[in-house]
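# Residue-level structure breakdown
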Amino acid sequence: MKTYSPKPEDVSREWFIVDATDKILGRLATEITTRLRGKHKPEFAPHMDMGDFVIVINADKIKVTGQKLDAKMYYKHTNHPGGLKEKSLRQMLDIKPENVITAAVKGMLPKNKLAAKQIKKLKVYAGSEHPHAAQAPKPLDI
């Protein structure tokens, strides 16, 4: 009995749409990460990009538990001395809510070149409109 190893031509990708209204950020991100990597498929292989495309709408309506709106911080550095900038989750949701979900999913992906391919299959939109109607995405219940 030989071990099955998938080939690039065996990959079949689908499009899923997720409504993030009143969803918990971490639980939503884990389900999205599973779909992006393809771990829900029986032919999953960790060395290949087997995942599906995921569209997230209403990213500005996510929920978090506890005091995370004010306690959770996002950092960036300007590459100048003393250039560390920080913003709370509440500020990030006001400015660019797409980046909150993208950062949560990116942190759950493996830290390698494969993750760069997988994060490109994530499309996040703050409102309920998206330009991917031609792909006929299936709704994904989380």
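Numbering of residues begins from 1 in every chain and follows the order in which that chain's sequence is written. A pLDDT threshold of at least 70 governs which residues receive local features in this predicted model, and a stricter bar of 80 or more applies before side-chain atom pairs are shown or counted, although totals over entire chains, interfaces and linings include all residues. Hydrogens and waters are ignored; side-chain quantities use all the structure's heavy atoms.

- Per an unreviewed UniProt entry, the recorded name for the protein chain is Large ribosomal subunit protein uL13, and the organism is Pseudodesulfovibrio portus.
- Looking at the Function (unreviewed entry) heading of the UniProt record, one finds this comment for the protein chain: "This protein is one of the early assembly proteins of the 50S ribosomal subunit, although it is not seen to bind rRNA by itself. It is important during the early stages of 50S assembly." UniProt positions are given in the numbering used here, feature names are shortened, and annotations may be inferred rather than shown by experiment.

### Concerning the overall build of the protein chain
- For the protein chain, the helix and strand inventory stands at 5 helices and 6 strands.
- Secondary structure elements are defined from DSSP: runs of H or I of at least 4 residues count as helices, runs of E of at least 2 residues count as strands, and each element is numbered from the N terminus. When the helices and strands of the protein chain are placed in sequence order, the string is β-α-β-α-β-β-α-α-α-β-β.
- Taking the principal axes of its C-alpha atoms as reference, the protein chain extends roughly 55 × 35 × 30 Å.
- When the 142 residues of the protein chain are sorted by exposure, 38% land in the buried category. We call a residue buried when its accessible area falls under 20% of the maximum for its residue type, exposed when it is over 50%, and partly exposed in between, using a 1.4 Å probe and counting protein chains only.

### Considering the sheet that holds strand S1 (residues 15–19)
- Reading across the sheet, the 4 strands line up as S5-S2-S1-S6 and stay open at both edges, with parallel pairing between neighbours. Each having just a single partner strand, strand S5 (122–124) and strand S6 (138–139) make up the two edges of the open sheet.
- A pair of strands is labelled paired if DSSP reports no fewer than 2 bridges between them. Two strands pair when backbone bridges link them, and S1 and strand S2 (residues 53–57) are joined in this way by 5 bridges, in the parallel orientation. Within S2, the residue paired with Phe16 across the bridge is Val54.

### With respect to a nonpolar patch on the surface
- Residues Met73, Tyr75 and Leu84 make up a contiguous nonpolar surface patch of roughly 310 Å² in combined accessible area.
- Looking at Tyr75, the relative accessible area reads 53%, which means it is exposed. Nonpolar side chains (Val, Leu, Ile, Met, Phe, Trp, Tyr) within 5 Å and like charges within 9 Å form the patches, drawn only from residues with over 30% relative accessible area and no salt bridge. Shrake-Rupley sampling with a 1.4 Å probe provides the accessible areas, and residues are treated as covered by the protein chains on show and by no other component. By salt bridge we mean one thing: a side-chain nitrogen of Lys or Arg within 4 Å of a carboxyl oxygen of Asp or Glu.

### Some words on the environment of Thr21
- Residue placement: Thr21 occurs in the loop between S1 and helix H1 (25–37).
- With 107 residues separating them along the chain, Thr21 and Ser128 place their C-alpha atoms 9.8 Å apart.
- In this view, Thr21 contacts Asn58 and Lys61; residues no more than four positions away in its chain are not counted.
- For Thr21, the side chain forms a polar contact with the side chain of Asp19, separated by 2.8 Å. We call two residues in contact when some of their heavy atoms are within 4.5 Å. Identification of polar contacts relies on pairs of N or O atoms within 3.5 Å, with a donor-acceptor requirement for protein atoms, meaning one able to donate a hydrogen and the other able to accept it, and with residues adjacent in sequence counted only if both atoms are side-chain atoms.

### Structural notes on the environment of Gly51
- Looking at the secondary structure, you find Gly51 in the loop between H1 and S2.
- Of the residues examined, Gly51 reaches a relative accessible area of 0% and is grouped as buried.
- The spacing of Gly51 and Ala136 is 85 residues in sequence and 17 Å in space, taken between C-alpha atoms.
- Beyond its immediate chain neighbours, meaning those up to four positions away, Gly51 contacts Arg13, Arg35, Leu36, Arg37, Gly38, Lys41 and Lys121.

### Focus: the packing of aromatic side chains
- Only Phe, Tyr and Trp rings take part, Trp by its six-membered ring, and two of them pair if their centres are within 6.5 Å. Stacked means planes under 30 degrees apart, edge-to-face means over 60, and tilted covers everything else. The tally for this structure, following the rule as stated, stands at 1 aromatic pair.
- Between Trp15 and Phe53 the ring centres are 4.3 Å apart and the planes differ by 5°, which places this aromatic pair in the stacked class. Of the two residues, Trp15 sits in strand S1 while Phe53 sits in strand S2, which places them 38 residues apart along the sequence.
- The ring of Tyr74 has Lys72 sitting right over it, with the charged end atom 5.3 Å from the ring centre. Sitting over a ring, as applied to charges here, requires NZ of Lys or CZ of Arg to be within 6 Å of the ring centre and within 35 degrees of the ring normal.

### Points about the pairing of strand S3 (residues 73–77)
- Looking at chain direction, S3 and strand S4 (residues 84–88) are connected through 5 bridges and run antiparallel. Residue Lys76 lies in a different strand from S4, and its bridge partner there is Lys85.
- Where S3 folds back onto S4 in an antiparallel hairpin, the turn is made up of 6 residues, including Asn79, whose phi is positive at roughly 65°.

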